[in-house]
Amino acid sequence: MTYQTVQQAAETRRSVYALNRNLPLPAAEVADIVKHAVLHTPSSFHSQSTRVVVLFGAEHEKLWQFAEDALRAVVPAENFAATEQKLNMFKAAAGSVLFFEDQDVVKSLQEKFPAYADNFPVWAEHTDAMHQYAVWTTLAAAGIGANLQHYNPLIDAAVAREWQIPATWTLRAQMVFGGIGQAAGEKTFAPLEGRFAVHGL
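Just so you know, these numbers come straight off a predicted model, no measurement behind them.

Visitor: Looking at this structure, I do not really get the packing of helix H1 (residues 3-12) against helix H6 (residues 120-141). What am I missing?
Guide: Packed helices, taken two at a time, are described by the angle between their axes plus the distance between the axes. The contact between H1 and H6 brings their axes to 8 Å, and the two run at 95°. Between H1 and H6, the crossing angle belongs to the class labelled roughly perpendicular. Every residue of H6 that contacts H1 at Ala-9, Ala-10 and Thr-12 is listed here: Tyr-133, Thr-137, Ala-140 and Ala-141. Residues of the contact of H1 with H6, tallied by class, amount to five nonpolar, two polar and no charged.

In structure tokens form, the structure reads like this:
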């Protein structure tokens, strides 16, 4: 493998919203992609604090029904049409990946290394984000579209009840994935000036 292969995967990764259930790989292989990321993604102090749940089919649809139920309780009815349209796009996809952080692991590290106690919650977020990126980029390389959502904490209680999520797991993000019904549009970039610097080259 060349580094250009990794770069190409990074460039391929986009937020794709027009998703369907026509995956180019068997569902079990998609689950294996996520499992590989959980196993091989780095974490601070090798904490391995990220927890991941993958939902397919009817289980995936339940997730977005929970989101709809929660949002109907807080979004005015006259403004709900746009929200419902977005949620229906998510429901039409093949599945979702739920990303959590186990707070017991974080607290254990805080107790073991008190000098870094304030940093462990931040580092846990870094770890979770790396898992999200690893899954997202690998899915893109496999020809699977995805987008990342954050409906927590509105859906936390329903998710915990439905899938027996331990109380110490904090939901951080939901990644919707599926076959690509319509590719993402052109991507724009802010100037690198002010965002990137090299010294001593």
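Once you've had a look at it, read on.
Visitor: Sorry if this is basic, but what is going on with the packing of helix H3 (residues 57-72) against helix H4 (residues 80-91) here?
Guide: For the pair H3 and H4, the least separation of the axes is 9 Å and the interaxial angle reads 170°. Put simply, H3 runs roughly antiparallel to H4. Contacts from His-60, Glu-61, Trp-64, Gln-65, Ala-67, Glu-68, Leu-71 and Arg-72 of H3 reach H4 at Phe-80, Thr-83, Glu-84, Leu-87, Phe-90 and Lys-91. In the contact of H3 with H4, the residues fall into six nonpolar, three polar and five charged.

Visitor: Looking at this model, I keep getting lost on the side chain of Gln-149. Mind explaining?
Guide: Tracing the backbone shows Gln-149 in strand S4 (residues 145-149). Accessibility expressed as a relative area gives 10% for Gln-149, which makes it buried. Among the polar contacts listed, one links the side chain of Gln-149 to the side chain of Asn-147, at a separation of 2.9 Å. Not counting chain neighbours up to four residues away, the residues in contact with Gln-149 comprise Tyr-17, Trp-64, Phe-90, Ala-173, Gln-174 and Val-176.

Visitor: How do you make sense of the nonpolar core when you look at a structure like this?
Guide: In globular proteins that are soluble, nonpolar side chains generally tend to be buried together. Residues Leu-63, Trp-64, Leu-87, Leu-98 and Val-159 are the most contacted members of the largest nonpolar core, which totals 24 residues. Mapped onto this core, the elements with two or more residues apiece are strand S2 (50-56), H3, H4, strand S3 (95-102), helix H7 (156-162) and strand S5 (169-182). Of all the elements, H3 adds the most residues to this core, at five residues. Core analysis: the next-biggest nonpolar cluster, separate from the first, contains 16 residues, Phe-99, Trp-136, Ala-146 and Phe-177 among them.

Visitor: When you look at H6 in this model, what are you seeing that I'm missing?
Guide: Along an α-helix, residues three or four positions apart point the same way, because every turn accommodates 3.6 residues. Across its 22 residues, H6 extends 31 Å between first and last C-alpha, which sits within 8% of the 32 Å expected from 1.5 Å per residue. Just past H6, the residue Gly-143 takes up positive phi, approximately 80°.

Visitor: Is there a simple way to think about the pattern of salt bridges in this case?
Guide: Should their charged atoms come close, side chains of opposite charge can pair. Under the definition given, this model contains nine salt bridges. In this structure, the salt-bridge partner of Asp-32 is Lys-35, at a minimum N-O distance of 3.6 Å. Of this pair, Asp-32 and Lys-35 both sit in helix H2 (residues 27-40), three residues apart, which is roughly one turn of that helix. Here Glu-84 and Arg-72 are joined by a salt bridge, their closest N and O atoms 3.1 Å apart. Note that Glu-84 is positioned in helix H4 and Arg-72 in helix H3, a separation of 12 residues in sequence. Residue Glu-84 is classed as partly exposed on the basis of its relative accessible area of 29%.

Reading the values: the criteria
Counting restarts for each chain: residues are numbered from 1 in the order of the written sequence. Reporting of local features is limited, given that this is a predicted model, to residues whose pLDDT is at least 70; pairs of side-chain atoms are given and counted only at 80 or more, and all residues count toward the totals for whole chains, interfaces and linings. The side-chain values count all of the structure's non-hydrogen atoms but skip hydrogen atoms and water molecules. Axis definition: a line fit to C-alpha positions, over the contact stretch in the case of helices; interaxial angles, taken between N-to-C directions, run 0 to 180 degrees. A run of DSSP states H or I qualifies as a helix once it reaches four residues; a run of E qualifies as a strand once it reaches two. Both are numbered from the N-terminal end. Roughly parallel means an angle under 35 degrees; roughly antiparallel, over 145; roughly perpendicular, 65 to 115; everything else is oblique. The contact definition used throughout considers only heavy atoms, calling two residues in contact when any of these lie within 4.5 Å. Under this grouping Gly is polar, as are all residues other than the nonpolar Ala, Val, Leu, Ile, Met, Phe, Trp, Tyr, Cys and Pro and the charged Asp, Glu, Lys and Arg. Classification of residues uses two cut-offs on accessible area relative to the type maximum, computed with a 1.4 Å probe and protein chains only: under 20% is buried, over 50% is exposed, and between them is partly exposed. N or O atoms within 3.5 Å of each other form a polar contact, as long as, within protein, one can give a hydrogen and the other can take it, and as long as residues adjacent in sequence are counted only when both atoms are side-chain atoms. Among the buried residues, those of types Ala, Val, Leu, Ile, Met, Phe, Trp, Tyr and Cys that are joined through side-chain atoms within 4.5 Å form a nonpolar core. Expected span, for any helix, means 1.5 Å times one less than how many residues it has. Within this document, salt bridges are pairs made up of a side-chain nitrogen of Lys or Arg and a carboxyl oxygen of Asp or Glu, the two lying within 4 Å of each other.

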